[in-house]
Amino acid sequence: DHDDMRGLISALKSGQIVWYSPDQDYGLKQGVMAPFFGVQAATVTAPRRLVKINQSAVLAFHSYRSNDKEPHYQLTITPELLNYPSDDPILDATRVNALFEELIRVAPTQWMWFHRRFKTRPEGFEKIVDFKTMGFLSDIRLRVEEILAELEPWQVMYERLVDFHDKEQDWP
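Keep in mind that what you see is a predicted model, and the values were worked out from it rather than measured.

What counts, and at which threshold
- Residues numbered from 1 in each chain as written.
- Predicted model: local features only at pLDDT ≥ 70, side-chain atom pairs only at ≥ 80, totals over all residues.
- Heavy atoms only, no water.
- Axes fitted to C-alpha atoms, helices over the stretch in contact; angles between N-to-C directions.
- Helix = DSSP H or I, 4+ residues; strand = E, 2+ residues; numbered from the N terminus.
- Left-handed = near helix turned anticlockwise from the far one by under 90°.
- Contact = heavy atoms within 4.5 Å.
- Nonpolar A, V, L, I, M, F, W, Y, C, P; charged D, E, K, R; others polar.
- Phe/Tyr/Trp six-rings, centres within 6.5 Å; stacked < 30°, edge-to-face > 60°.
- Buried < 20%, exposed > 50% of the residue type's maximum accessible area, 1.4 Å probe, protein only.
- Salt bridge = Lys/Arg side-chain N within 4 Å of Asp/Glu carboxyl O.
- Patch = residues over 30% accessible without salt bridge, like charges linked within 9 Å, V, L, I, M, F, W, Y side chains within 5 Å.
- Areas by Shrake-Rupley, 256 points an atom, 1.4 Å probe, with all protein chains shown as cover.

A.B. asks: Help me understand the packing of helix 1 (residues 5-13) against helix 2 (residues 46-54) in this model?
C.D. replies: Any two packed helices are characterised by the angle at which their axes cross and by the distance between the axes. Two elements in contact, helix 1 and helix 2, have axes separated by 8 Å at closest approach and are oriented at 40°. Of the two elements, helix 1 crosses helix 2, and the hand of that crossing is right-handed. Of the residues in helix 2, those touching helix 1 at Met 5, Leu 8, Ile 9, Leu 12 and Lys 13 are Leu 50, Ile 53 and Asn 54. The residue makeup of the contact of helix 1 with helix 2, split by class, is six nonpolar, one polar and one charged.

Shown next as structure tokens:
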């Protein structure tokens, strides 16, 4: 439960394994701005504080479907994130985001792009209101076009987003 930080801290103190997803935008009271696929994104700093409770090893895991016709699911568990946390919360957030980018690139169309990862914007940048607006799609289109040459799956993800918007005319 994302609202039960006391329970999470208690679990850490008792040596339990916990899962915490740092790829959510909880604003700058809870994080710092760090690049995520080349776009500044509010990135939570809680993981670096949680590690200090019991010097936990930080690992990332990623699951994805590897076959649409006969689904098989793959699970990747990364090696421990070494020298984490550092003395620099922005460097730590950048490292975590880079790790997420690496994992997302395995199957980019399966990541939850709709969850408003970029709702907090740096000062001086135009707000991305929400995923229901074409403004968001034009913002992401510019970014996707920049990296299409290196990542073919991005084209698939972008086409699925546009196709979904065109068919549904109403985002979830």
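So that's the structure; there's more coming.
A.B. asks: Would you take a moment to explain the packing of aromatic side chains for this structure?
C.D. replies: The description of an aromatic ring pair rests on the distance of the ring centres and on the angle between the ring planes. Applying the stated criterion to the full structure yields two aromatic pairs. Judged by centre distance (6.4 Å) and plane angle (50°), the ring pair of Trp 19 and Phe 61 falls under tilted. Separated by 42 residues along the polypeptide, Trp 19 in the loop between helix 1 and strand 1 (31-36) and Phe 61 in strand 3 (residues 61-65) bring together distant segments of the chain. Arranged with centres 5.0 Å apart and planes meeting at 80°, the rings of Phe 36 and Phe 37 form a pair that is edge-to-face. There is no split in this pair, since Phe 36 and Phe 37 are both buried.

A.B. asks: What is the right way to read the pattern of salt bridges from this model?
C.D. replies: As a working rule, side chains carrying opposite charge can pair if their charged atoms are close by. Counting across every chain of the model gives two salt bridges. Among the ionic pairs, Arg 48 bridges to Asp 92, the shortest N-O distance being 2.8 Å. Here the residue Arg 48 occupies a position in helix 2, and Asp 92 occupies one in helix 3 (residues 89-104), the gap between them amounting to 44 residues. The partner of Arg 105 in a salt bridge is Glu 101, and the shortest N-O contact between them spans 3.6 Å. With relative accessibility at 30%, the residue Arg 105 sits in the partly exposed group.

A.B. asks: Looking at this structure, how should I read the side chain of Thr 78?
C.D. replies: On the secondary structure map, Thr 78 appears in the loop between strand 4 (73-77) and helix 3. Filtering out sequence-adjacent residues up to four positions away, Thr 78 remains in contact with Leu 59, Ala 60, Leu 99 and Leu 103.

A.B. asks: Looking at this model, I keep getting lost on helix 2. Mind explaining?
C.D. replies: An α-helical segment advances 3.6 residues per turn. Residues three or four places apart therefore align on the same side. Every buried residue of helix 2 is listed here: Ala 46, Pro 47, Arg 48, Leu 50 and Val 51. In this fold, the buried residues of helix 2 make contact with helix 1, strand 2 (39-44) and helix 3. Where helix 2 terminates, the next one or two residues include Gln 55, which has phi positive at roughly 55°.

A.B. asks: Sorry, what's going on with a nonpolar patch on the surface here?
C.D. replies: Together, Trp 19, Leu 59, Phe 61, Leu 75 and Ile 77 make up an exposed nonpolar region whose accessible area comes to about 590 Å². When its relative accessible area of 59% is taken as the criterion, Trp 19 is described as exposed.

A.B. asks: Can you help me understand unusual backbone geometry in this one?
C.D. replies: Where the residue is not glycine, phi is negative for most of them; where a peptide bond is considered, it is trans in most cases. For the bond running from Tyr 84 to Pro 85, omega is 0°, close enough to zero to count as cis. Among the structural elements, Pro 85 can be located in the loop between strand 4 and helix 3. Backbone geometry at Phe 37 places phi at a positive 50°, although glycine is not the residue there. Mapped onto the elements, Phe 37 comes out in the loop between strand 1 and strand 2.

A.B. asks: Hey, could you run me through the side chain of Thr 120 in this one?
C.D. replies: Mapping Thr 120 onto the fold places it in the loop between helix 3 and helix 4 (134-147). What makes Thr 120 buried here is its relative accessible area of 15%. Each residue touching Thr 120, except ones within four places of it in the same chain, is listed here: Asp 25, Gly 27, Leu 28, Met 33 and Ala 42.

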